[in-house]
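# Residue-level structure breakdown
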Amino acid sequence: MKYKMLVSDLDETLLNDNGTINEKNVTAIKAASAAGFKFVPNTGRSYLSVQSLLRELDLYDQIDQFVISYNGAAIIENKGNQVVLTQEMPFSLAKSVLTAGLVDTTVDAHIYTVEKLYIYNLSDSDRQYMADRQVPYEVITTADITFLAKEPIMKVIFESADAKVREQIKTAVMAAVGSQVTATFSSNRYVEFNKQGVNKGAATLHLAEQLGIQASEVMAIGDNNNDIAMIEAAGLGIAVANAIPTVKDIANLVTKRTNNEGAIAEVLEQYVLGGN
């Protein structure tokens, strides 16, 4: 088996647009895992929000199986949800990012700790998006996050349906904190900020090294801006057919199938289950 691990984005990659999993993907992932292949969700979300997904894929509470969360800020072993690695933001930095990013009253903000998601100024569209994906969160009524001063903050992100507003948020945050953060976009609704150097690609390589897997033996698949680092880090970087043009341009391969048609199954059938 040339490839030993596939790290995969979730929304708009593994998952259908409505948040469910194509049955082709389920079947292929189970077959690959049974053969000793590693399938690792690599997501901007909390690992706690993907537990039902892991159950569906027979990866729930399994030893030596992993989830990469918060755009690479945490690596979790599925058995007992043991935290392997965290790379949190200093509280002062998270506070500055939050203050700068709230550019107008239409913007909502997510603050992620290791175990919880707090949302300020929750929009109706974001509420629906969270509900479709069964993401747990707690609404906060003020942008004052002093109560989190002693909590490890994984990332801060902002939601807006307006691409121009998302660009304004990025510009404002980068002007306030500069090179202390990495900015990425996802799901055509979020602009996300992690501590500089934290990304899906760096976490992928860290986990691969821990497992004794070479970068050349890793595949990575995604659709959006926050997936670029892992696609570039992998031996085979893959964009789903519905990926944004920037991601397709840097990928080694673009699938024929979209996320709604079982793109993950296409990859596993060709490179793992087909014997390549």
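Below is a summary of the structure that appears in this document. (Residues numbered from 1 in each chain as written. Predicted model: local features only at pLDDT ≥ 70, side-chain atom pairs only at ≥ 80, totals over all residues. Heavy atoms only, no water.)

### Quick look at the sheet that holds strand S8 (residues 138-140)
Here is the rule we go by: Being paired, for any two strands, means DSSP has found at least two bridges between them. Only DSSP runs of H or I with at least four residues qualify as helices, and only runs of E with at least two residues qualify as strands; both kinds are numbered from the N terminus onward. The convention used is that axes are lines fitted to C-alpha atoms, helices contributing only their stretch in contact, and that angles between N-to-C directions extend from 0 to 180 degrees.
Strand order in the open sheet formed by six strands is S8-S7-S6-S9-S11-S10, and the pairing between neighbours is mixed. With partners counted over all chains shown, the strands left at the sheet margins are S8 and strand S10 (181-186), one partner each. Neighbouring strand axes in the sheet, compared pairwise and without regard to direction, differ in orientation by 25° on average. By the bridge criterion, six bridges tie S10 to strand S11 (residues 190-195) in an arrangement that is antiparallel. Residue Phe185 lies in a different strand from S11, and its bridge partner there is Val191.

### Points about helix H2 (residues 23-34)
Heads up, the condition is: By this rule the span expected of a helix is its residue count minus one, scaled by 1.5 Å. Residue burial is assigned from relative accessible area. The probe radius is 1.4 Å, only protein chains are included, and a residue is buried under 20% of its type maximum, exposed over 50%, and partly exposed in between. Residues count as neighbours in contact if any of their non-hydrogen atoms are within 4.5 Å of one another.
With 12 residues, H2 extends 17 Å between its outermost C-alpha atoms, agreeing within 8% with the 16 Å of an ideal straight helix rising 1.5 Å per residue. Listed as buried for H2 are Asn25, Val26, Ala28, Ile29, Ala32 and Ser33. Those residues of H2 hidden inside the fold are in contact with helix H1 (10-14), strand S2 (38-41), helix H3 (51-56) and helix H10 (263-271). Two residues or fewer after H2 comes Gly36, characterised by a positive phi angle close to 95°.

### Quick look at the nonpolar core
Here is the rule we go by: Among buried residues, those of type Ala, Val, Leu, Ile, Met, Phe, Trp, Tyr and Cys that are joined through side-chain atoms within 4.5 Å constitute a nonpolar core. As annotated, the domain borders come from an automatic or database domain assignment.
Counting residues in each nonpolar core, the largest one holds 68 residues, and the members touching the most others are Leu14, Met219 and Leu268. The leading source of residues in this core is H10, at six residues. Residue assignment places this core across two domains, with domain 1 (5-86 + 198-272) and domain 2 (91-195) each supplying three or more. Filtering out sequence-adjacent residues up to four positions away, Leu268 remains in contact with Leu6, Ala28, Ile29, Ala32, Phe37, Leu273 and Gly274. Of all hydrophobic cores here, the second largest spans 26 residues; its members include Phe91, Val97, Val107 and Phe185.

### Let's talk about the layout of surface pockets
Condition: Here a cavity denotes a set of grid points, spaced 1 Å apart and computed over the protein atoms alone, in which a 1.4 Å probe fits but from which it cannot get out, and a pocket denotes an open set meeting protein on both sides within 12 Å along at least five of seven lines; residues with an atom within 4 Å of a point are reported as lining. Grid points are joined across faces, edges and corners, and a volume is the space filled by probe spheres set on the points. Here the term charged refers only to Asp, Glu, Lys and Arg, the term nonpolar to Ala, Val, Leu, Ile, Met, Phe, Trp, Tyr, Cys and Pro, and the term polar to all other amino acids, Gly among them.
Taken as a whole, the largest pocket holds about 210 Å³ of empty space. Here the lining of the largest pocket gets three residues from one element, more than from any other, and that element is H3. Its residues assigned to classes, the lining of the largest pocket shows five nonpolar, six polar and four charged. Residue assignment places the lining of the largest pocket across two domains, with domain 1 (5-86 + 198-272) and domain 2 (91-195) each supplying three or more. Considered as a void within the structure, the second largest pocket measures approximately 160 Å³ in volume. Top contributing element to the lining of the second largest pocket by residue count: helix H6 (residues 163-177), with three residues. For the lining of the second largest pocket, a count of residues per class yields four nonpolar, five polar and three charged. Here the lining of the second largest pocket spans two domains, and each of domain 1 (5-86 + 198-272) and domain 2 (91-195) adds at least three residues to it.

The analysis is restricted to geometry; functional conclusions fall outside its scope.
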